[in-house]
Amino acid sequence: MAKVKSRFICQNCGAVSNKWQGKCDSCNEWNTLIEDVEVAGIGGGPGKPLRKGRVIPLTSLDGETDQAPRTITGMSELDRVTGGGFVRGSALLLGGDPGIGKSTILLQAASHLANKGHKIVYISGEEAIDQVRLRAQRLGLSEAKVRLGAETSVEDILATLENEKDPALVIIDSIQTLWTEQAESAPGTVTQVRASSQAMIRYAKKSGATIILVGHVTKEGQIAGPRVVEHMVDGVLYFEGEGAHQFRILRAVKNRFGPTDEIGVFEMTGKGLREVHNPSELFLGERNNTAPGAVVFAGMEGSRPLLVEIQALVSPSQLGTPRRAVVGWDSARLAMILAVLDAHCGVRLGGHDVYLNVAGGMKISEPAADLAIAAALTASLANVALEKEAVYFGEVSLSGSVRPVSHAAGRMRESAKLGFTKAYMPPLPEKAPKSDLDKTIALENLRELVAEILTKNANKE
Ligand code: TYD
Ligand code: MG
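Residues numbered from 1 in each chain as written. Chains lettered and ligands numbered in written order. Predicted model: local features only at pLDDT ≥ 70, side-chain atom pairs only at ≥ 80, totals over all residues. Heavy atoms only, no water.

A. Looking closely at the overall build of the protein chain. Within the protein chain one finds 11 helices and 23 strands. Counting only C-alpha atoms and orienting by the principal axes, one finds that the protein chain spans roughly 85 × 55 × 50 Å. When each of the 461 residues of the protein chain is scored for burial, the buried share is 50%. Looking at the protein chain alone, contacts between residues at least 24 apart form 67% of all its contacts between residues at least 6 apart. Accessible surface, the protein chain: about 22,600 Å² in total, of which carbon and sulfur atoms supply 52%. Side chains of the protein chain give 52 positive and 53 negative charges; the mean places of these two sets differ by 3 Å. (Helix = DSSP H or I, 4+ residues; strand = E, 2+ residues; numbered from the N terminus. Buried < 20%, exposed > 50% of the residue type's maximum accessible area, 1.4 Å probe, protein only. Contact = heavy atoms within 4.5 Å. Areas by Shrake-Rupley, 256 points an atom, 1.4 Å probe, with all protein chains shown as cover. Lys, Arg positive; Asp, Glu negative; His and termini not counted. Charge placed at Lys NZ, Arg CZ, Asp CG, Glu CD.)

B. Layout of the nonpolar core. Counting 66 residues, the largest nonpolar core has I310, L341, L377 and L446 as its most contacted members. In terms of residue count, the dominant contributor to this core is helix α9 (residues 370–382) (9 residues). When residues are assigned to domains, this core turns out to be shared by domain 2 (70–277) and domain 3 (282–456), each giving three or more. With residues near it in sequence (within four places) discarded, I310 still touches G293, A294, V295, F297, L356, N357, I364, A369, A372, I373 and A376. One finds F86, L92, L139 and M268 within the second-largest nonpolar core, a separate group that totals 32 residues. (Core = buried A, V, L, I, M, F, W, Y, C linked by side-chain atoms within 4.5 Å. Domains from an automatic or database assignment.)

C. How the structure looks around the sheet that holds strand β17 (residues 324–327). The strand order across the open sheet built from 7 strands is β17-β18-β16-β15-β19-β22-β23, with neighbouring strands paired in mixed fashion. The open sheet has two edge strands, β17 and β23 (439–442), and neither has a second partner. Here the average twist between neighbouring strands, direction ignored, is 25°. Contacts from α9 reach β15 (294–301), β16 (304–316), β18 (352–358), β19 (390–392) and β22 (422–425) within the one sheet, and its direction differs from that of β16 by about 30°. (Pairing = 2+ DSSP bridges. Axes fitted to C-alpha atoms, helices over the stretch in contact; angles between N-to-C directions.)

D. Examining the sheet that holds strand β9 (residues 169–173) more closely. If you walk across this open sheet you meet the 9 strands as β8-β7-β9-β10-β6-β11-β12-β13-β14, and the pairing is mixed. Lying at the two open borders of the sheet, with one neighbouring strand each, are β8 (147–150) and β14 (272–275). Neighbour-to-neighbour, the strand axes of this sheet turn through a mean angle of 25°, independent of strand direction. Of the pairings in the sheet, the one linking strand β6 (residues 91–96) to strand β11 (residues 235–240) comprises 5 bridges and is parallel in character. What sits directly across from G96, in β11, is F239. Seen against the sheet, helix α2 (residues 102–115) touches β6, β7 (120–124), β9, β10 (210–216), β11, β12 (247–255), β13 (263–269) and β14 and runs at an angle of roughly 155° to β7.

E. Representation of empty space enclosed by the protein in the model. This structure, assessed with the given rule, holds 6 cavities of 30 Å³ or more. In this structure, the largest cavity is lined by R70, V81, T82, G85, F86, V87, S90, L92, T210, L237, N255 and F257. Considered class by class, the residues forming the lining of the largest cavity number 6 nonpolar, 5 polar and 1 charged. (1 Å grid on protein atoms, 1.4 Å probe; cavity = no way out; pocket = protein on both sides within 12 Å on 5 of 7 lines; lining within 4 Å. Points joined across faces, edges and corners; volume = space filled by probe spheres on them. Nonpolar A, V, L, I, M, F, W, Y, C, P; charged D, E, K, R; others polar.)

F. Here's a closer look at the packing of α2 against helix α3 (residues 129–138). Running from N to C, α2 and α3 cross one another at 70°; their axes reach a closest spacing of 11 Å. Here α3 runs roughly perpendicular to α2, going by the angle between their axes. Pair α2 / α3 crosses with right-handed handedness. Side by side, α2 and α3 meet where S103, T104 and L107 of the first sit next to V132, R135 and A136 of the second. In terms of residue class, the contact of α2 with α3 is built from 3 nonpolar, 2 polar and 1 charged. (Parallel < 35°, antiparallel > 145°, perpendicular 65-115°, else oblique. Left-handed = near helix turned anticlockwise from the far one by under 90°.)

G. The arrangement of the domain arrangement of the protein chain in detail. Segmentation of the protein chain into domains returns domain 1 (6–37), domain 2 (70–277) and domain 3 (282–456). Between domain 1 and domain 3, the C-alpha centre-to-centre distance is 45 Å.

H. Layout of the pattern of salt bridges. This model, assessed by the stated rule, comprises 18 salt bridges. Note that E127 and R135 form a salt bridge whose closest N and O atoms lie 2.8 Å from each other. Taking relative accessible area as the criterion, E127 reaches 17% and is therefore assigned buried. In this structure, R348 and D342 form a salt bridge, with 2.8 Å as the shortest nitrogen-oxygen distance. Residue D342 is classed as partly exposed on the basis of its relative accessible area of 30%. (Salt bridge = Lys/Arg side-chain N within 4 Å of Asp/Glu carboxyl O.)

I. Up close: the environment of L446. With respect to the helices, strands and loops of the structure, L446 is situated in helix α11 (residues 446–460). In this structure L446 comes out as buried when scored by relative accessible area, which is 0%. For the pair L446 and G89, spaced 357 residues apart in sequence, the C-alpha separation works out to 50 Å.

J. Broad picture of helix α4 (residues 154–164). What α4 keeps buried is the set V154, I157, L161 and E164. Viewed end-on, α4 has its buried residues packed into an arc of 85°, placing them on one side of the element. Of the surrounding elements, those touching the buried residues of α4 are β7, β8, β9 and α5 (190–207). With its phi angle positive at about 60°, K165 sits one or two positions after the end of α4. (Arc of directions from axis to C-beta.)

Below, the structure written as structure tokens:
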């Protein structure tokens, strides 16, 4: 009999070590190494080859291909993020904090599809049948013909799915609760999560059903379990939101069959998640347009323009090292804007605490927000309210020049639609189409904008 070898796997990063250690060498986490027995097959090494390999035919890149067949849910915000519906035979991972609404959105999508006549199986490993039924009642979806089961054994789930005859969509809530007899470690460990995912993904490929795996998120905001699950699936979606706000954003961080920069916006209501088709209105809803340091940024999320309010507060610091607190934006990028304001525009914030907030719990990663952020910081320092009918966008370089950004026309069109009349922005190329706004102010350098804001302050006094 082959000798059974024991090894230790870090539950945080998946690194393998031959002996137990208190701290993982790879990710420096404490107490994350757990013993695991190495066996051949799923979750283990390749073992001894059972048969000689066969030669597969190789082919060329061009040739007839079919578009991936998709199951369209009819929830347009969800379909937008998946790139036009769930691709048959693919596996998706949906991650998010506990209580954010993962089970809710999936139950809603499942009912939509079931009502259209698709066969949908919902396997809950976390909640009992009654709990899922109660949720369905609350959502008014009890009538939908979703096939519901509460089970955690991969073997039993696979047998059930075989018996169901080709479901279109299978939802597993959640992957951390599954366990398979093919791996020997306890449920929830890296080996089990990986082996169970592998078995479910293999089922998806074989049967042509779409599999959605729900994944928990760790304190650090990553889907718990090894990163390899993210590599194994065809798409990774994150469901996020700020605790105090009712909106939820569905974001694709990996998608083998579509774009990854699209977002879907939902609002959590007493009757489940409501799709928000015009998110700009929602994000600007609570706007206080006379506050100094508040500006509207004309942003883009994928192919859709999205207007959000950015708020800055600067105040003289009582501390040796002033505070820099950022919500919804990159703090390294804030440091850069502060340096440019200081070096090229004479706006000195070295002795001030700086707080920056993107309203509504939105997270922005576009450099196009630079100009809006610089305007908000300067206005807060000068204590002037900026024009309430203006939007701002543009990237700022280290030299202080304002650089063009993509989709300028789309940003202006959305601003005009929401009643704005003026944009502070990078210069447009000569042959750009006419803007939808009454007034566009093309800035070559950040200095021009800062000078304008400071003049306003001087006129005020
Ligand atoms: P849930 O889908 O169970 O979250 P997850 O599966 O991501 O852990 O959502 C739970 C939260 O959503 C819970 O705090 C209550 C809230 N909720 C509503 O506000 N309205 C609703 O209609 C439903 C079903 C849930
Ligand atoms: Mg849940």
